[in-house]
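# Structure at a glance
Next come the chains, spelled out residue by residue.
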Amino acid sequence: MSSLKRHEGYLFVDHRASPGLPEDIARKSGYDPKHCGEGALFEAATLTCSHCGCSFVKNPLRTRERAYCQKCDHYICDGCDIQRHKAEYIHLPYKALSEVRLAEVLGSPQELLNSPIILK
Amino acid sequence: MAKRSFQAATWTPTATGDNTAMANTTYMAIESGASTQGLNVIEIYIGGQATASSVNIMQFARTTTVGTTPTALAAPNGDGPLNGLTQALPTVAVTYVAASTGPLRSTSTTAARLNLSLNVFGGIVRWVAAPGEEWGIIGTTSGLSGSTLSAFTGGSVGLIGAHIVYEPL
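Here the structure is a predicted model, which is why all the values come from computation and not from measurement. The residue numbering used here restarts from 1 in each chain and proceeds along that chain's sequence as written. Note on labels: chains are lettered from A, ligands numbered from 1, in written order. Given that the model is predicted, a residue must reach a pLDDT of at least 70 before its local features are reported, and side-chain atom pairs must reach 80 or more before they are shown or counted; all residues, however, enter totals for whole chains, interfaces and linings.

## So, the overall build of chain A
Here is the rule we go by: Going along the chain from the N terminus, every DSSP run of H or I of four or more residues is numbered as a helix, and every run of E of two or more is numbered as a strand. Partly exposed residues are those whose C-beta has more than 12 but fewer than 20 other C-beta atoms within 10 Å; with 20 or more the residue is buried, with 12 or fewer it is exposed, and the C-beta atoms are placed from the backbone.
Assigned secondary structure in chain A consists of four helices and five strands. In sequence order, the secondary structure elements of chain A are arranged as β-α-β-β-β-β-α-α-α. Burial status across chain A gives 27% buried among its 120 residues.

## As for the overall build of chain B
Put simply, the rule reads: We compute the radius of gyration over the C-alpha atoms and compare it with the globule rule, which gives 2.2 Å times the number of residues raised to the power 0.38. Once C-beta atoms have been placed from the backbone, residue pairs whose C-beta atoms lie within 7 Å are recorded as contacts.
Of the regular secondary structure elements, chain B holds zero helices and 16 strands. Against the compact-globule benchmark of 15 Å for 169 residues, chain B has a radius of gyration of 15 Å, which places it among compact chains. With the C-alpha coordinates aligned to their principal axes, the bounding extent of chain B is approximately 45 × 35 × 30 Å. Within chain B, the proportion of its 169 residues that are buried is 50%. Long-range contacts, defined as pairs at least 24 residues apart, comprise 89% of the intrachain contacts of chain B with a sequence gap of at least 6.

## Here we look at the interface of chain B and chain A
So the rule is basically this: Classes in brief: Ala, Val, Leu, Ile, Met, Phe, Trp, Tyr, Cys and Pro nonpolar; Asp, Glu, Lys and Arg charged; the others, Gly included, polar.
With 31 residues of chain B at the contact, the number on the chain A side is 32 residues. Those elements that provide at least two residues to the side of chain B that touches chain A are strand S3 (38-48), strand S11 (113-115), strand S12 (118-119), strand S13 (124-128) and strand S14 (135-138) of chain B. With five residues, the single largest contributor to the side of chain B that touches chain A is S13 of chain B. Taken together, the residues of the side of chain B that touches chain A sort by class into 14 nonpolar, 15 polar and two charged.

## Some points on the pairing of strand S16 (residues 160-168) of chain B
Residue and element names in this part refer to chain B. Heads up, the condition is: Between any two strands, at least two bridges found by DSSP are needed for them to pair.
Of the strand pairs in this sheet, strand S1 (residues 4-11) and S16 are connected by six bridges, and their pairing is antiparallel. The partner of Arg4 across the bridge, within S16, is Tyr166. In terms of strand pairing, S3 meets S16 through nine bridges, oriented antiparallel. Bridging from a neighbouring strand, Gly47 pairs with Gly161 of S16.

## Let's talk about unusual backbone geometry
For the peptide bond that leads from Ala75 of chain B to Pro76 of chain B, omega is 10°, which places it in the cis range. Phi at Asp73 of chain A takes a positive value of approximately 50°, unusual for a residue other than glycine. By the element assignment, Asp73 of chain A lies in the loop between strand S4 (68-69) and strand S5 (74-75). Residues other than glycine seldom take positive phi values, yet Thr25 of chain B does so here, at roughly 60°. Looking at the secondary structure, you find Thr25 of chain B in the loop between S1 and strand S2 (27-31).

## A short note on the confidence of the model for chain B
Worth spelling out the cut-off: Here pLDDT means the predictor's own confidence in every residue, given as a number from 0 to 100.
Considering every residue of chain B, the mean pLDDT works out to 91; 99% of them sit at 70 or more. ipTM for the predicted complex: 0.77, alongside a pTM of 0.81.

## What to know about the nonpolar core
The condition is simple: Buried Ala, Val, Leu, Ile, Met, Phe, Trp, Tyr and Cys residues form a nonpolar core when they are connected through C-beta atoms within 7 Å.
Of all hydrophobic cores here, the largest spans 51 residues; its most connected members are Met28, Ile30, Ile44 and Leu116 of chain B. When residues in this core are grouped by element, the largest group, five residues, is from S3 of chain B. The residues touching Ile44 of chain B, leaving out its near neighbours within four places in the chain, are Phe60, Leu114, Leu116, Trp127, Leu149 and Ile164 of chain B. Of all hydrophobic cores here, the second largest spans 11 residues; its members include Tyr75, Cys77, Cys80 and Tyr94 of chain A.

## A closer look at the environment of Asp81 of chain A
All names here are of chain A. Relative to the helices and strands, Asp81 is located in helix H2 (residues 78-84). A sequence separation of 30 residues divides Asp81 from His51, and the C-alpha atoms of the two residues are 9.2 Å apart. In this structure Asp81 touches Ala67 and Ile76, once residues within four positions along its chain are discounted.

## Quick word on the pairing of S1 of chain B
Taken together, the four bridges between S1 of chain B and strand S7 (residues 78-81) of chain B define a ladder with antiparallel strand orientation. Counterpart to Ser5 of chain B in the pairing with S7 of chain B is Gly80 of chain B.

## Quick word on the environment of Phe42 of chain A
All names here are of chain A. Note on placement: Phe42 falls in strand S2 (residues 40-48). C-alpha separation for the pair Phe42 and Leu4, spaced 38 residues apart in sequence, amounts to 22 Å. When neighbours within four sequence positions are excluded, Phe42 is seen to be in contact with Val13, Tyr31, Asp32, His35 and Cys36.

## As for the environment of Thr95 of chain B
Mapped onto the fold, Thr95 of chain B is located in strand S8 (residues 94-96). Excluding its chain neighbours within four sequence positions, the residues that come into contact with Thr95 of chain B are Phe6, Ala29, Ile30, Leu73 and Asp79 of chain B.

## Overview of the confidence of the model for chain A
Per-residue confidence for chain A averages 83 on the pLDDT scale, and 86% of its residues sit at or above 70. Highest mean pLDDT in chain A belongs to strand S1 (residues 9-15) of chain A (92); lowest belongs to helix H4 (residues 110-113) of chain A (62).

Have a look at this one:
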């Protein structure tokens, strides 16, 4: 069984050679102020929501359940989690939405419009 | 398709609120080149170049209204494939730092944005997406077809250099 860690991106904020961020700005930006001050290094995993495509910093200290979509086998953001629990919700992940949008324009799947690859 | 790097060598953002047209050379904008094109943003890097302490509240955010009549990139800024053998694209992505009217950052609370604040007196920020988890830009639908790297309101704002690695689909 593969781990959901495979979906994690990486955020690197290096203030090792810098005065760093003041505490209020660091908090506003979603960083831990301790790791964004002078001489500090902040590294964090990021997650991408499979429903809206947004990326966000994973909070390793979170005690609430992390929103997870079983249909996508993927973490989703809190905003999409709220939407998901509405009665009228229709499951439409970002990749499917992309394909729908492109199909509306193209009228045909992209694979059928591409030139065939001829192997010599 | 091949991965490309859109880079601006040295520029100073201006702290600009959401839903406000950005001034020229204070942002990096990337947009889908056609209704049938998609782009995946893989990496964003910002390196501070200021000579005094300056806080930049940098954000990579979706665009509600794309820029009108974008100006072609001029050296030292550029946009090119990471692999020199890459063939010319049938449709190129629209990457620019100036336009007749600049793009507007989305004010929607449900629109994605990456918050990449840093002190640009020696600070560095790098965000990398895992494979399959890239930031998506698609078609010409408002709110999905473009994104900008720019400074949000606040901070003292100083000189930076940045690149955005992306892959046209």
